[in-house]
Amino acid sequence: MQDLVIVGTGLAGTVTLVQELLKIAAEPSITPDNPVKITLLERNEAQKFGGVAYGRTAEFDLFRLNLSSKRATPFMADDIPDGFPTFPQYIVGLANDAPDAKEKQRLMGYLLDPPRVLLGDYLSHLVDLAMVKAGGKADVNTRIGEALELDTSGPHPVLHVKENGEMTTVKAAQVVLATGQREIQRPAFVENIVGSARYLEDPYAATSKDFYAQVMDEQARRDKAGLPPPQVLVLGTALSSHDCVLRLLHLGFKGKIDMISRNGLEHAGYGAVTPEEYLAGSLVGEPRAEKKAELEKTPPRFLRVVNAQAAKIAAGKPHADVETDVVTAMRREFAVLMRKGYTAEEVLGYWERFNADIGAALPDDVCGNIYNRHATWLGTHRVGTTPANTKMIEDAQASGQLEILAGFISTKDGEKLHEYKNSIVAHMALKDRVERAEDGHEGGVPREWNSAFQDGMREEARKFDFVIAGLGNTVTYDKARDPFWAGMIKKGLCQPHRKAGDGIELDGNDLTVIDAGGKRVENVAACGIPAFGATMYGRFPHPEEPGVYGGRILPFTANIVGITGGVIAMVQGLHERMMRDHALKHGLDIPAHTSSPQSLAQMQRGELGAEFGSVGPRGGEEKQKNRASRPAKLPAPSALKA
């Protein structure tokens, strides 16, 4: 029996492994004679220590992160283990080893626009370092297979795994479900073209390489025949859809590209600086320390409205009116703060830490509506594209090659996308794009919140040669197509998150799975994408801001920082359970930890002592003495000019 099985080795699974190996290394009672046995279960060898987002599945190394390198280190900012580089340090190290000045300059540019596969390389490097640190105290093996079922009827969880075409079982004392984004969103209007050679549903799959090659071959054929290049429709206007457009542009696509979403809103982009300026400061658009300090002097004013609703609901106020009042208060305060010179990233990033307060004060359906009906505004005002990506998209828009549409695929009559004579026909109901804040400083906020069809929308049909789904992966589990999660839901071993509608219900203290009856599924935890809702409404560490705990807003729940905060919290309880079980199995004398499922809550209040190591009090409180790690420092910018 394994002490630990981690299902999935993307970002969440990899960070879990690294954090646990560090704890094993510091555990004096564990010796190489009785190592901790850890099994990693991964469906695809190319995704090991990178997953779909940062692995090599798509075979396209020009995909970029949606944030800068300083925001991609999976440790607490003030607790970097000795000998472990931050992501910027890793990049600087590669640059300093470059054979010439030109290559060094190219690599230094990755500080601003890091490739996704480079983060995967970095995560793999962290695993290597953690393995060395743990030495023979951890026995880690990887199995390439797919978990299809989890059985919790016996004394220990058992995974049923399809491996090399055959079914087998893996028994574990502890299971961590870090399955990541396993299922692409599939709206009803694409049903008629699923399976078409002219439709790409998963832009990150290995098969996408063949699809893009087909697009470019069609362009070359038409160019040779003196015909105009093909036209492409990209579904969505947010981060995944930008990846689709950027890949076309990188490949030299010359045809017209249309992107469409309900309001036609895009993420704000970072402004460029030089690598040297970045090492000394930050990208344009990242939160400014002085502005964050100003915001932190007072809690958001809209919380007064939030906290007043309980009494009004008790008096009979309809939930729809509660939603309207809360969102209106948020919109008004946001507009005021923007006029005062704060950026959207600063405002919404500060508001995140109050998600748990919103969740505690408002009914489940109101919480779900606030973030789901208004996700476009709350999400896209956050900075989400790096400088190079931002420039390519803006240049394509300025030239007329790229057009952003606001509206719906299908009309009131319900037509869907369909294939007709080597084209895909899209019936659209279009409207004007709503106003939004420009560059994080000026402008208004969306005035139209209706997600349904509206009177006066322009209806038209357009033909496209190819359609690409840039809608991203689904994080809802109520109608999962994935066999593992469909089975978990069917057996009642988990339930969709009630307040978020995304992810599954987890114990907010240690991310243990909660079943359909509201009970803990002992020894089974989840992190990453399955923890989407829990990370939104829980109080989890913000790795970038030591001493700060809170939730995450929408896509930022699932980014590197959001996932890392949840994993760091989860691993504490996971490690304690593992050590207890390992001691019983081997007859070891390992002192029992005094923590309980309330340990995380205590830790967040700063009540835990030094025996809890890296999860102890942080921020303005006195630093722990004799810490095993020290904050790592970047080289001075002047040192990089040599």
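Treat the numbers as computed from the prediction; the structure is a model and nothing was measured.

A. Summary view of the overall build of the chain. Helix and strand content of the chain: 20 helices and 20 strands. Expressed as a percentage of the 642 residues in the chain, the buried residues total 57%. Taking the contacts inside the chain whose residues are at least 6 apart along the sequence as the reference set, 74% of them involve residues at least 24 apart. In the form shown here, the chain has an accessible surface area of approximately 26700 Å², with 50% of it arising from carbon and sulfur atoms.

B. The arrangement of helix H5 (residues 116-134) in detail. For H5, with 19 residues, the first-to-last C-alpha span of 27 Å sits near the 27 Å given by 1.5 Å per residue. For H5, the complete set of buried residues consists of Arg-116, Val-117, Leu-118, Leu-119, Gly-120, Tyr-122, Leu-123, Leu-126, Val-127, Ala-130 and Ala-134. Just downstream of H5 lies Gly-135, where phi reads positive at about 60°.

C. The arrangement of the pattern of salt bridges in detail. Counted under the stated rule, the structure contains 40 salt bridges. Notably, a salt bridge pairs Arg-382 with Glu-352, separated by 3.1 Å at the nearest N-O pair. One end of the pair, Arg-382, is in the loop between helix H15 (375-380) and strand E11 (383-385); the other, Glu-352, is in the loop between helix H12 (344-351) and helix H13 (355-361), with 30 residues separating them in the sequence. Among the residues examined, Glu-352 registers a relative accessible area of 1% and is labelled buried. The residue Glu-505 makes a salt bridge to Arg-498 at a minimum N-O spacing of 3.7 Å. A relative accessible area of 9% means that Glu-505 is categorised as buried. Each of Arg-71, Glu-345, Glu-352, Arg-382, Glu-544 and Arg-552 takes part in a single network of salt bridges with overlapping partners.

D. Geometry of the environment of Asp-33. Inspection of the secondary structure puts Asp-33 in the loop between helix H1 (11-25) and strand E2 (36-42). Here Asp-33 falls in the exposed class, since its relative accessible area comes to 68%. The spatial distance from the C-alpha of Asp-33 to the C-alpha of Gly-136 is 8.2 Å, given a sequence separation of 103 residues.

E. Representation of the pairing of strand E6 (residues 166-177) in the model. Pairing geometry for strand E1 (residues 2-7) and E6, over five bridges, is parallel. When the bridges of E6 are listed, Gln-2 appears paired with Ala-172. Where strand E5 (residues 158-163) lies against E6, six bridges are found, and the strand directions are antiparallel. Paired with His-160 across the two strands is Thr-169, which belongs to E6. Bridging between E6 and strand E18 (residues 520-526) involves three bridges; their strand directions are parallel. Bridged to Val-176 within E18 is Ala-525.

F. How the structure looks around unusual backbone geometry. Positive phi, normally seen in glycine, also occurs at Asn-164, with a value near 55°. Assignment of secondary structure puts Asn-164 in the loop between E5 and E6. For Asn-164, a relative accessible area of 74% corresponds to the exposed category. Phi angles above zero are rare outside glycine, and Leu-511 is one such case at about 60°.

G. Quick look at helix H3 (residues 87-96). Among the 10 residues of H3, seven are classified as buried, and the element is accordingly described as predominantly covered. The complete set of buried residues in H3 reads Phe-87, Pro-88, Gln-89, Tyr-90, Ile-91, Val-92 and Ala-95. Structurally, H3 contributes buried residues whose contacts are with helix H4 (101-108), H5 and helix H8 (275-280).

H. Examining the side chain of Arg-64 more closely. Mapping Arg-64 onto the fold places it in the loop between helix H2 (51-54) and H3. For the buried residue Arg-64, which engages in no salt bridge, the nearest side chain bearing the opposite charge is Asp-113, 5.4 Å off. Those residues in contact with Arg-64, other than ones at most four positions away along the chain, are Tyr-110, Asp-113, Pro-114, Pro-115, Arg-116, Asp-243, Thr-386 and Asn-389.

I. A look at the packing of aromatic side chains. Applying the stated rule across the entire model yields 12 aromatic pairs. Between Phe-87 and Tyr-122 the ring centres are 5.0 Å apart and the planes differ by 40°, which places this aromatic pair in the tilted class. One end of the pair, Phe-87, is in helix H3; the other, Tyr-122, is in helix H5, with 35 residues separating them in the sequence. Given the relative accessible area of 0%, Phe-87 is considered buried.

Conventions we followed
- Residues numbered from 1 in each chain as written.
- Predicted model: local features only at pLDDT ≥ 70, side-chain atom pairs only at ≥ 80, totals over all residues.
- Heavy atoms only, no water.
- Helix = DSSP H or I, 4+ residues; strand = E, 2+ residues; numbered from the N terminus.
- Buried < 20%, exposed > 50% of the residue type's maximum accessible area, 1.4 Å probe, protein only.
- Contact = heavy atoms within 4.5 Å.
- Areas by Shrake-Rupley, 256 points an atom, 1.4 Å probe, with all protein chains shown as cover.
- Expected span 1.5 Å × (residues − 1).
- Salt bridge = Lys/Arg side-chain N within 4 Å of Asp/Glu carboxyl O.
- Pairing = 2+ DSSP bridges.
- Lys, Arg positive; Asp, Glu negative; His and termini not counted.
- Phe/Tyr/Trp six-rings, centres within 6.5 Å; stacked < 30°, edge-to-face > 60°.

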